[in-house]
Amino acid sequence: MSLIVIYNPVCGHGTAKSLFEEKVIPLIKEQGKQIHGVFETAHAGHSGEIVLDHLRSFSQDLTIVLGSGDGTLHEIINAVKSFSSSEPREITFALVPCGTANALYYSLFPPTSQEDVNDSAYALRSLTSFLSSNKSIPLTFALTSVSSADGEGVSTETSISVVVASTSLHASILHDSEALRETIPGIDRFKIAAQQNITRWYSARAKLLPKPGFSSVELYDPNEDRFIQLEHPVVLEGPFAYFLSTVNVDRLESAFRITPFHRASGTVTQSLEVVILRPLRHPNINDPSDQSKTQFAATSGFVLGGAYRDGAHVRMRYNEDGSITEDGHGESVIEYYRCGGWEWSPEASDPTAHLVCLDGAILKIPPGGTASCNTTRAVDGIEFLVFT
Ligand SMILES: Nc1ncnc2c1ncn2[C@@H]1O[C@H](COP(=O)(O)OP(=O)(O)OP(=O)(O)O)[C@@H](O)[C@H]1O
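Keep in mind that what you see is a predicted model, and the values were worked out from it rather than measured.

Trainee: Please explain the nonpolar core as it appears in this structure.
Mentor: As a rule of thumb, nonpolar side chains are buried together in soluble globular proteins. Judged by nonpolar contacts, the single largest core of 96 residues is most densely connected at Val65, Ile77, Leu104, Tyr242 and Ile334. Built from parts of two domains, this core gets at least three residues from each of domain 1 (2–134) and domain 2 (142–376). In this view, Leu104 contacts Asp70, Leu73, Leu95, Val162, Val163, Asn248 and Val249; residues no more than four positions away in its chain are not counted.

Trainee: How should the domain arrangement of the protein be read in this particular structure?
Mentor: Often the size quoted for an interface is simply the accessible area lost on bringing the parts together. We note that the domain assignment places domain 1 (2–134) and domain 2 (142–376) within the protein. With centres defined by C-alpha atoms, the gap from domain 1 to domain 2 works out at 29 Å. Elements represented by at least two residues in the side of domain 1 that touches domain 2 include exactly helix H3 (70–80) and helix H4 (103–108). When residues in the side of domain 1 that touches domain 2 are grouped by element, the largest group, six residues, is from H3. Considered class by class, the residues forming the side of domain 1 that touches domain 2 number eight nonpolar, six polar and two charged.

Trainee: Quick question: what am I supposed to make of the site of the ligand here?
Mentor: Neighbouring residues of the ligand: 22 residues in total, closest Cys11, Ala44, Gly69, Gly71 and Gly99. Among the elements that make up the shell around the ligand, the one with the highest residue count is H3 (four residues). Here the shell around the ligand is built from residues that sort into six nonpolar, 14 polar and two charged.

Trainee: Before we go on, may I ask you to explain the packing of helix H2 (residues 46–57) against H3 in this structure?
Mentor: Axis angle and axis distance: for two packed helices, these are the angle between their axes and the distance between the axes, and together they describe the pair. Closest axis-to-axis distance for the H2/H3 pair is 8 Å, and the angle between their directions is 45°. Comparing the axis directions of H2 and H3 gives the class oblique. H3 is crossed by H2, and the crossing has right-handed handedness. In this structure, H2 contributes Ser47, Gly48, Glu49, Val51 and Leu52 to the contact, and H3 contributes Thr72, Glu75, Ile76, Asn78, Ala79 and Val80.

Trainee: In this structure, what is going on with the sheet that holds strand E13 (residues 242–246)? I would like to understand it.
Mentor: In sheet architecture, strand pairing relies on hydrogen bonds along the backbone and comes in two forms, parallel and antiparallel. An order of E11-E10-E17-E14-E13-E8-E19-E20 is seen for the eight strands of this open sheet, with the pairing classed as antiparallel. Each edge of the sheet is formed by a strand with only one pairing partner; in this case those strands are strand E11 (226–230) and strand E20 (361–364). The sheet shows a mean angle of 25° between the axes of neighbouring strands, direction not considered. Here strand E8 (residues 164–167) runs beside strand E19 (residues 355–358); their pairing, made up of two bridges, is antiparallel. Considered in E19, the bridge of Ala165 is made with Leu358.

Trainee: Where do I start with the UniProt feature "domain: DAGKc" (unreviewed entry) in the protein in this structure?
Mentor: In this numbering, the UniProt entry assigns the feature "domain: DAGKc" (unreviewed entry) to residues 1–128. Taken end to end, residues 1–128 is 41% helix and 20% strand, and its first and last C-alpha atoms sit 18 Å apart.

Trainee: What exactly am I supposed to notice about the confidence of the model for the protein here?
Mentor: Detailed reading of the predicted model is not advised wherever pLDDT is low. For the protein, per-residue confidence averages 92 on the pLDDT scale, and residues scoring 70 or more make up 97% of the total. Taken together, the chains of this predicted complex give a pTM of 0.93 and an interface ipTM of 0.96.

Trainee: What is the right way to look at the pairing of strand E22 (residues 382–387) in this model?
Mentor: Consecutive side chains of a regular strand alternate in pointing toward one face of the sheet and then the other. Bridging between strand E4 (residues 89–97) and E22 involves five bridges; their strand directions are parallel. Pairing of Phe93 across the sheet is with Val386, part of E22. Alignment of strand E5 (residues 136–138) against E22, held across three bridges, turns out to be antiparallel. The partner of Ser136 across the bridge, within E22, is Phe387.

The rules behind each value
Residues numbered from 1 in each chain as written. Predicted model: local features only at pLDDT ≥ 70, side-chain atom pairs only at ≥ 80, totals over all residues. Core = buried A, V, L, I, M, F, W, Y, C linked by C-beta atoms within 7 Å. Buried ≥ 20, exposed ≤ 12 C-beta atoms within 10 Å, placed from the backbone. Domains from an automatic or database assignment. Contact = placed C-beta atoms within 7 Å. Helix = DSSP H or I, 4+ residues; strand = E, 2+ residues; numbered from the N terminus. Nonpolar A, V, L, I, M, F, W, Y, C, P; charged D, E, K, R; others polar. Near = placed C-beta within 6 Å. Axes fitted to C-alpha atoms, helices over the stretch in contact; angles between N-to-C directions. Parallel < 35°, antiparallel > 145°, perpendicular 65-115°, else oblique. Left-handed = near helix turned anticlockwise from the far one by under 90°. Pairing = 2+ DSSP bridges. UniProt positions renumbered as here; feature names shortened; annotations may be inferred. pLDDT = per-residue confidence, 0-100.

Now the structure itself:
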C-alpha cells in the first residue's frame, strides 16, 4: 500500500495548508507511516493529475489523505475514469474536511452541534480511523450521462458523482452560485442563488429505475413511516420545482439533511435517494401561471427549509386548504424515492431544465437529449473506500 497526501489550499476558507502543515502531516509522521508524496494542488484539475501519475507509477493499493471539499474528491474520481487498470485495486481516502460544504464528511461523521464542527479534533476523525482502527466502507457512485440523439448518431458526456446528481432548482443554484464564489466564499452564496431561482418551474419527464437486482422502486410513505414497493414503472410528469438524488450522504451541508433516510439504508445497498417536489401536487395550484409560481415559491422555501430541521420535510403533508402539516393523512408534499437510477428528459422549450448538477459540476443536456443516472461501485476496475 502506498500513501500520499493531497490538499487544496484554496477550498473553503483557505485553511487547508496551515492545518496540514501544523496538524495533519505531523500526526501521520508521529504514527510512523511512510508518506510517498505531499502535494498542494496548484490549479483546478491538478488533484486528478497527481493521482493518475501515481497510479501509473505504482501498482499497489493507494491511501490518500485528502484535505478538500467534495469538489476535489469528485475531480479525482472523474480523473481515474480515464485510467485503465490492468488489475483490480483499491483507493481509500482519509478525508479532512476543508471545503465549503463537506457533504460526505458531515454525513459520515454527523456533527451534534456547531461546536463539534469547530473543534479541531472533529476534522481529524477519518484520519484517526486510518491511523488507528483502519476501518473503511466502500463508496457508491452515481454515473450520469447526458446524450443527444442527433443526425450524426449519439454523442454522450459522462460524469461520476460522489454526493449529488440533480436537475431543477438545485442545478440552477449551483450553476448561478459559481459566479458568486469569489465575492462570497462561504455557503451564503447558495442561499442567494436559491432566492434568484425559487420561482422557477422545470418542464421535463422523469423515469425512475429499480436498484441492481431488484424489480421495484421504493417510495417513502409518511403516513406509515416506511418505504413501500412500487411494482409498476415510475414515470413522473412535470413540471418539477426540485429533483435531487444523493449517494453516500444524507446531507449537503452539516445541517441540511435533504435525504435523511440514507443512513437507515446502510452502506451495503447500492442505491440513490431521490427527493422530488412537483408544484401541481399542491391542492390549490392548477396551472403554471406567474401567480402560481410565486405562490408555490413560498411552499418550496418552507418545505426545503425542513431539511435544516433534521429532515422534517419528508414528513410534510398537505391539508385540504393547501397548508402544510407534519401530522395528518394528506398527500405527501415531497416525493422521496429509493431507486437504482433515473432518466430525465427535458422539454425542448425549457433551457434551464437542461442543466444537470453533478457534485457542483454542471453538464448541459443537448436539445432533444436526456440525462441518465445509474449507480456503480468500481470505476475502471478500481474500488474506492473511505475511512470511517
Ligand atoms: N490552487 C488552486 N487554484 C484554484 N482552484 C483550485 C486549486 N486547487 C484546486 N482547485 C479547485 O478548487 C475547486 C473547489 O474545491 P473543493 O470542492 O475541494 O472545495 P469547496 O468548493 O470549497 O468545497 P465543497 O465542494 O465541499 O463545497 C475544485 O474543483 C478544484 O478544481
